[in-house]
There are 2 protein chains.
Amino acid sequence: MAATSWEDSVKSLKGVILDMCGVLYDAGEDGGTPIPGSVEAVKRLKASDLQVRFCTNETQATREVFVAKLQRMGFDICVSEVFSPAPAAVAVLKERGLRPHLLVYDGVVPEFDSVEKANPNCVVIGDAAEKFSYQNLNDAFRVLIGLEKPVLFSLGRGKYYKEDEGLNLDVGVYMKALETLMIGDDLVNDVGGAQHCGMKGVQVRTGKYR
Amino acid sequence: MAATSWEDSVKSLKGVILDMCGVLYDAGEDGGTPIPGSVEAVKRLKASDLQVRFCTNETQATREVFVAKLQRMGFDICVSEVFSPAPAAVAVLKERGLRPHLLVYDGVVPEFDSVEKANPNCVVIGDAAEKFSYQNLNDAFRVLIGLEKPVLFSLGRGKYYKEDEGLNLDVGVYMKALETLMIGDDLVNDVGGAQHCGMKGVQVRTGKYR
């Protein structure tokens, strides 16, 4: 792409939505480390005329906890600027009168506090990490197979992601596992999701893309 | 099918291969229970002119342990009459000079005693049940993604099976999960496998088929 057409493209922008993990920072057991230059890049974007919003496929923590982590890394960012899968799922669940069986990381459970969960009629899975035990996956499977119309919501469809110590399986792999057993809905996130809405998707070559 | 053609079909038979779990017995935590009439049926078949062999997708125990369990249920059966996935996999591994990373149930590990396992160049998964932890699946994934030509052998492709207390996820679901990450070989077992060899496959409506 020539420099002029890139500049033309930028001029037509009203705002930017930034993906975060693998773009602004690399995940890790210590909470992760900012990618060099990204704190400054966010600062410059926010000083421009562009509206800046952040989206994340983070499903291991509430937005509040997640944003606090980013703030500790030095990012100038607040909760209302961040879009994440769990609050979006909560909105859909309420709209459709669905009561989820949750297979998610402990840290993200509070996002679902306002949702009725007794007598579940759907399953929600997130990046549950160690909680993806055989027993927990079996429990989710038994809920699904017991439903007349099984509905599975996945809070992401990534297959793996990078942490400081190496690559880890992501929720998309477990979504695929449960999908082989049924036909289900799923939420779509990340760059692919943005493109489906007719938005411009820009993929950066950091993070897991090797 | 008219009675005469079924009888004609039987007359042309040289032998029978019987599937076991869900056909001769239902699995369960106590080792399982014989399906009514099956002990007697095996006895009558063995008293006939037919060659009788047994195949199983059992990948949680060695053939020796498995056969001993069937004997305790009252079946007249010996180890040399039973075909099971692990010994078949061992033969293929040796033929191809493959060194497996094992993600299998502890009970079946001794079947792989004669196979070199250091510096693995493939992954073998079986019905690992509780051993399908996030950590163990991640370890298998990391072996696969580190290989130039990732090879995954699955000791089965069943999606779930019935135990006395309910339905459980089977190895096929985890095979699918890892398959979404790579292109791999897999062993084919059970009725489907027999049909691919041009043999007559007969499926019974016991076990998980509801």
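Counting restarts for each chain: residues are numbered from 1 in the order of the written sequence. Whichever chain is written first becomes A and whichever ligand is written first becomes 1, with later ones labelled in order. Side-chain atom pairs in this predicted model are given and counted only at pLDDT of 80 or more, local residue features only at pLDDT of at least 70, and totals for whole chains, interfaces and linings cover all residues. Based on all heavy atoms of the structure, the side-chain values leave hydrogens and waters out of the count.

Colleague: Could you clarify how one ought to interpret the overall build of chain A in this entry?
Modeller: The helix and strand inventory of chain A stands at seven helices and 10 strands. Taking all 210 residues of chain A together, 44% fall into the buried category. For chain A, contacts bridging at least 24 residues in sequence account for 65% of all contacts bridging at least 6. For chain A, the accessible area works out to roughly 10,900 Å², and carbon and sulfur atoms hold 52% of it. Note on conventions: DSSP H or I runs of at least 4 residues are helices, E runs of at least 2 residues are strands, and numbering of each starts at the N terminus. Each residue is placed in one exposure class: buried if its accessible area under a 1.4 Å probe, protein chains only, is under 20% of its type's maximum, exposed if it is over 50%, and partly exposed if it falls in between. Contact between two residues is taken to exist if any of their heavy atoms lie within 4.5 Å; hydrogens are not considered. For the accessible areas, the method is Shrake-Rupley and the probe is 1.4 Å, while residue cover comes only from the protein chains on display.

Colleague: How should unusual backbone geometry be read in this particular structure?
Modeller: Trans is the prevailing form of peptide bonds, just as negative phi is the prevailing case for residues other than glycine. Phi angles above zero are rare outside glycine, and asparagine 119 of chain A is one such case at about 50 degrees. Among the structural elements, asparagine 119 of chain A can be located in the loop between β6 (100-103) and β7 (122-125).

Colleague: What exactly am I supposed to notice about the environment of serine 114 of chain B here?
Modeller: Residue and element names in this part refer to chain B. With respect to the secondary-structure elements, serine 114 resides in the loop between β6 (100-103) and β7 (122-125). The spatial distance from the C-alpha of serine 114 to the C-alpha of lysine 94 is 9.2 Å, given a sequence separation of 20 residues. Not counting the four nearest positions on each side in its chain, serine 114 is found in contact with Val90 and Lys94. Under the rule applied, a polar contact is a pair of N or O atoms within 3.5 Å (in protein, one hydrogen donor and one hydrogen acceptor; residues adjacent in sequence only if both atoms are side-chain atoms). Side-chain polar atoms of serine 114 contact the side chain of lysine 94, separated by 2.7 Å.

Colleague: What is the right way to read the relation of the copies chain B and chain A from this model?
Modeller: For these two chain copies, the linking operation is a rotation about an axis paired with a shift along it. Overlaid copies result from least-squares superposition on C-alpha atoms, with residues included only where pLDDT is at least 70 in both. When chain B is fitted to chain A, the best match, at an RMSD of 0.0 Å, comes from turning it 180 degrees and sliding it 0.0 Å along the axis. Within this description, the copies of the chain are treated as partners about a two-fold rotation axis. A high fraction, 100%, of the interface residues of chain B reappear at the interface in chain A, so the copies pair face to face through one surface.

Colleague: Could you clarify how one ought to interpret the packing of aromatic side chains in this entry?
Modeller: Note on aromatic pairs: each is described by the distance of the centres and the angle between the planes. Note on aromatic contacts: the rings of Phe and Tyr and the six-membered ring of Trp form a pair at centre separations within 6.5 Å, being stacked when their planes are under 30 degrees apart, edge-to-face when over 60 apart, and tilted otherwise. One pass over the full model with this rule turns up 10 aromatic pairs over all chains. On the basis of an interplanar angle of 55 degrees and a centroid distance of 6.3 Å, the ring pair of tyrosine 25 of chain A and phenylalanine 66 of chain A is categorised as tilted. Separated by 41 residues along the polypeptide, tyrosine 25 of chain A in strand β2 (residues 25-26) and phenylalanine 66 of chain A in helix α3 (residues 63-72) bring together distant segments of the chain. For tyrosine 25 of chain A, a relative accessible area of 1% translates into the label buried. Ring centres of tyrosine 174 of chain A and tyrosine 134 of chain B lie 6.4 Å apart, and the angle between their planes is 35 degrees; on these two criteria the pair is classed as tilted. Of this pair, tyrosine 174 of chain A sits in helix α6 (residues 171-179) while tyrosine 134 of chain B sits in helix α5 (residues 134-145), which puts the two residues in different chains.

Colleague: Would you explain the confidence of the model for chain A in this entry?
Modeller: When pLDDT is low, close inspection of the predicted coordinates is not appropriate. Residue and element names in this part refer to chain A. A score from 0 to 100, pLDDT tells how confident the predictor is in each residue. On average, chain A scores 83 in pLDDT, and the residues at 70 or more come to 83%. Mean pLDDT across the elements of chain A ranges from a minimum in helix α7 (residues 190-196), with 40, to a maximum in β6, with 97. Segment residues 183-199: pLDDT under 50, and 32 contacts once partners within four positions in sequence are set aside and those in other chains are kept. Scored as a whole, the predicted complex attains pTM 0.74, and scored at its interfaces, ipTM 0.71.

Colleague: Teacher, can you tell me more about the interface of chain B and chain A here?
Modeller: A common way to state how big an interface is: give the accessible area lost once the parts meet. In this assembly, 25 residues from chain B lie in contact with 25 residues from chain A. By definition, the buried area sums, over both parts, the 1.4 Å-probe accessible area that each loses when the two are put together. Here chain B packs against chain A, burying approximately 2,300 Å² in sum over the two surfaces, 66% of which is carbon and sulfur. By the criterion of area lost to chain A, the three top residues of chain B are Tyr134, Leu169 and Thr180 of chain B, representing 30% of everything that side buries. By definition, a salt bridge exists where a carboxyl oxygen of Asp or Glu is found within 4 Å of a side-chain nitrogen of Lys or Arg. At the boundary of chain B and chain A, one finds zero salt bridges.

Colleague: Looking at this structure, I do not really get the pattern of salt bridges. What am I missing?
Modeller: As a working rule, side chains carrying opposite charge can pair if their charged atoms are close by. Residue and element names in this part refer to chain A. Counted by the stated rule, this structure contains eight salt bridges over all chains. Salt-bridge contacts for glutamate 81 lead to lysine 46; the nearest nitrogen and oxygen are separated by 2.8 Å. Linking glutamate 81 in the loop between α3 and β5 (82-83) with lysine 46 in helix α2 (residues 38-47), this pair joins segments that are 35 residues apart in sequence. Owing to a relative accessible area of 27%, lysine 46 belongs among the partly exposed residues under this scheme.

Colleague: Explain the nonpolar core to me, please; I cannot follow it from the model alone.
Modeller: Inside soluble globular proteins, nonpolar side chains tend to come together where they are buried. In this description, a nonpolar core means a group of buried Ala, Val, Leu, Ile, Met, Phe, Trp, Tyr and Cys residues linked to one another through side-chain atoms lying within 4.5 Å. By size, the foremost hydrophobic cluster in this structure holds 48 residues, and its most contacted members are Ile125, Phe132 and Tyr174 of chain A together with Ile125, Phe132, Leu137 and Tyr174 of chain B. Look past the residues within four positions of leucine 137 of chain B in its chain and what remains in contact with it is Leu169 and Tyr174 of chain A together with Leu103, Phe132, Tyr174 and Leu178 of chain B.

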